[in-house]
Amino acid sequence: MALTNTNVDGNVGTITLNNPEKRNALSDALVHEVVEGLRDFSARRLRAVILRAMPGVKVWSAGHDVGELPEGRRDPLGWDDPLRHLIREIEDFPAPVIAMIEGTVWGGASETVFACDLIVASPEATFAVTPAKLGVPYNVTGMLTFLNAANIRIVKELLFTAKPMTAARAERAGAINYVVPAAELESFTYGLANDIALLAPLSIAVMKEQLRVLSGAHPVSPRGFERVQGLRRTVYDSFDYGEGISAFREKRRPVFRGE
Ligand code: LCV
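It should be emphasised that the depicted structure is a prediction, and the values quoted were computed from it without experimental measurement.

K.L.:
It is not clear to me how the overall build of the chain should be interpreted in this structure. Could you clarify?
P.N.:
Scanning the chain from N- to C-terminus turns up 11 helices and 10 strands. Over its C-alpha atoms the chain spans a radius of gyration of 18 Å, differing by no more than 12% from the 18 Å that the globule rule assigns to 259 residues. Its C-alpha atoms give the chain principal-axis dimensions of about 55 × 40 × 35 Å. Every one of the 259 residues in the chain was classed for burial, and the buried ones make up 48%. In the chain, of all internal contacts separated by at least 6 residues, the share reaching a separation of at least 24 is 72%. On the chain, roughly 13,200 Å² of surface is accessible, and the fraction owed to carbon and sulfur atoms is 57%. Positive and negative side-chain charges in the chain, numbering 29 and 31 respectively, have mean positions lying 6 Å apart.

Listed below in structure tokens is the structure:
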């Protein structure tokens, strides 16, 4: 059964997340469909892509599929994790990917949205970044996605509180481009996409790739990288990581020990 819908209208493609039973959790299967859709749109040389959920949805995406996270003793967000694939496909797509947001966005789905090139949200939309809720050690490139989306003060608020941030606050922080009434969200977003699609696609593709290269150019020494990876391992090997995952699965509040 399809977990997403795709559509092409002229030079604009749309990928719609459509797995409401699991609140569009970014499972391996759902991510695979999104990635396949992006690759098809790239082959068709589309000039803008809109990533959305079904109209009127309460939850845009519940983030990483917690059921697919490792129990422990393995990096939960390694290079080949589906979420990491999705982020790279969005960043590498040779045209703007526009996130159109209704409903709440959680965890890795917030990173997915912030990895998009433009973000248009309804006033009711919220964005939560939840590693601290689950005891997950987010990964280095994921941290960079957030740092490229907002200043470090806002990033720390999102990460250290794990609380949903309103679209209005995110817009004021410069983390999203537009907040548009739900009734106008679709026409506004498609208007934006079609305006972009009339411009020079090669110029836009090259500027997007330049910005990806420049925004990823943060010197981290090998020693620094290994220190970070070592620290992350102490987290995903910890009691708290297992407790966070178990509590989610058992639908109860976690009790973290700091070990
Ligand atoms: C699998 C789910 C999920 C889900 N995975 O509906 O950023 S990090 O580091 O944390 C990263 C690792 C990450 O992204 O982790 C995931 C972070 N996501 C969250 O913390 C959000 C978890 N979900 C929720 O808080 C609620 O589901 C929301 C508020 C999104 C929706 O609440 P609602 O009451 O509408 P349910 O909670 O009843 O969920 C409906 C079904 O979707 C599953 C959930 O287990 C349930 O399945 P069953 O009907 O089989 O019980 N589900 C929800 N989120 N992330 N499965």
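Here the narrative resumes, following the displayed structure.
K.L.:
I'm lost on the sheet that holds strand 1 (residues 4-9) in this one. Help?
P.N.:
In sheet architecture, strand pairing relies on hydrogen bonds along the backbone and comes in two forms, parallel and antiparallel. Spatially, 1-2-3-5-7-10 is the arrangement adopted by the 6 strands of the open sheet, whose pairing is mixed. The sheet is open, and its two edges are formed by strand 1 and strand 10 (178-179), each paired on a single side. Summarising the sheet, strand 1 and strand 2 (residues 12-17) pair through 6 bridges and their orientation is antiparallel. Paired with V8 across the two strands is G13, which belongs to strand 2. Here helix 1 (residues 28-43) sits on the sheet and contacts strand 1, strand 2 and strand 3 (48-53); the angle it forms with strand 2, its principal contact strand, is near 175°.

K.L.:
What's the story with helix 3 (residues 108-115) in this structure? I'm lost.
P.N.:
Each α-helix turn comprises 3.6 residues. Residues three or four places apart therefore point the same way. Taking burial as the measure, the 8 residues of helix 3 include 8 buried ones, the bulk of the element. G108, A109, S110, E111, T112, V113, F114 and A115 are the residues of helix 3 that are buried.

K.L.:
Would you mind going over the packing of aromatic side chains with me for this structure?
P.N.:
Within the structure shown, the criterion is met by 4 aromatic pairs. Ring plane angle 85° and centroid distance 6.1 Å describe the contact between F114 and F146, whose orientation is recorded as edge-to-face. Linking F114 in helix 3 with F146 in helix 5 (residues 140-147), this pair joins segments that are 32 residues apart in sequence. Residue classification places F114 among the buried residues on the basis of a relative accessible area of 10%. Taking the centre distance of 4.7 Å and the plane angle of 65° together, the rings of Y178 and F188 count as edge-to-face. Of the two residues, Y178 sits in strand 10 while F188 sits in helix 8 (residues 182-197), which places them 10 residues apart along the sequence. Its relative accessible area of 30% is what places F188 among the partly exposed residues. Feature note: the residues F114, F127, Y138 and F146 constitute an aromatic cluster, connected by ring pairs. The positively charged end of R88 is found above the aromatic ring belonging to W79, 3.5 Å away from the centroid. Over the ring of F239 we find R257; its NZ or CZ atom is 3.7 Å from the centre of that ring.

K.L.:
Explain the packing of helix 1 against helix 2 (residues 82-92) here, please?
P.N.:
For any two helices packed against each other, one specifies the crossing angle of their axes together with the interaxial distance. It is the contact of helix 1 with helix 2, at a shortest axis distance of 9 Å, that shows an interaxial angle of 20°. Compared by their axis directions, helix 1 and helix 2 come out roughly parallel. In this structure, helix 1 crosses over helix 2, and the sense of that crossing is left-handed. Counting all contacts with helix 1, which are made through D28, V31, V34, V35, L38 and R39, the residues of helix 2 involved are P82, L86, E89 and I90.

K.L.:
What exactly am I supposed to notice about the site of the ligand here?
P.N.:
Close to the ligand lie 22 residues; A62, H64, G108, T130 and K251 are nearest. In this structure, R23 approaches the ligand through a side-chain N or O atom, which is 3.0 Å from an oxygen atom. In this structure, an oxygen atom belonging to the ligand sits 2.9 Å away from a side-chain N or O atom of K251. Here the ligand loses 72% of its free accessible area of 990 Å² to cover by the protein chains. Judged by the fraction of its atoms near the pocket grid, the ligand is located in the second largest pocket. Residues that form the shell around the ligand fall into these classes: 11 nonpolar, 5 polar and 6 charged.

Conventions we followed
- Residues numbered from 1 in each chain as written.
- Predicted model: local features only at pLDDT ≥ 70, side-chain atom pairs only at ≥ 80, totals over all residues.
- Heavy atoms only, no water.
- Helix = DSSP H or I, 4+ residues; strand = E, 2+ residues; numbered from the N terminus.
- Rg over C-alpha atoms; globule rule 2.2 N^0.38 Å.
- Buried < 20%, exposed > 50% of the residue type's maximum accessible area, 1.4 Å probe, protein only.
- Contact = heavy atoms within 4.5 Å.
- Areas by Shrake-Rupley, 256 points an atom, 1.4 Å probe, with all protein chains shown as cover.
- Lys, Arg positive; Asp, Glu negative; His and termini not counted.
- Charge placed at Lys NZ, Arg CZ, Asp CG, Glu CD.
- Pairing = 2+ DSSP bridges.
- Axes fitted to C-alpha atoms, helices over the stretch in contact; angles between N-to-C directions.
- Phe/Tyr/Trp six-rings, centres within 6.5 Å; stacked < 30°, edge-to-face > 60°.
- Lys NZ or Arg CZ within 6 Å of the ring centre and 35° of its normal.
- Parallel < 35°, antiparallel > 145°, perpendicular 65-115°, else oblique.
- Left-handed = near helix turned anticlockwise from the far one by under 90°.
- Near = heavy atom within 4 Å.
- Polar contact = N/O pair within 3.5 Å; in protein donor to acceptor, adjacent residues only side chain to side chain.
- 1 Å grid on protein atoms, 1.4 Å probe; cavity = no way out; pocket = protein on both sides within 12 Å on 5 of 7 lines; lining within 4 Å.
- Sits in = over half its atoms within 2 Å of the grid points.
- Nonpolar A, V, L, I, M, F, W, Y, C, P; charged D, E, K, R; others polar.

In short, the description is geometric, and any link to function would need to be established separately.
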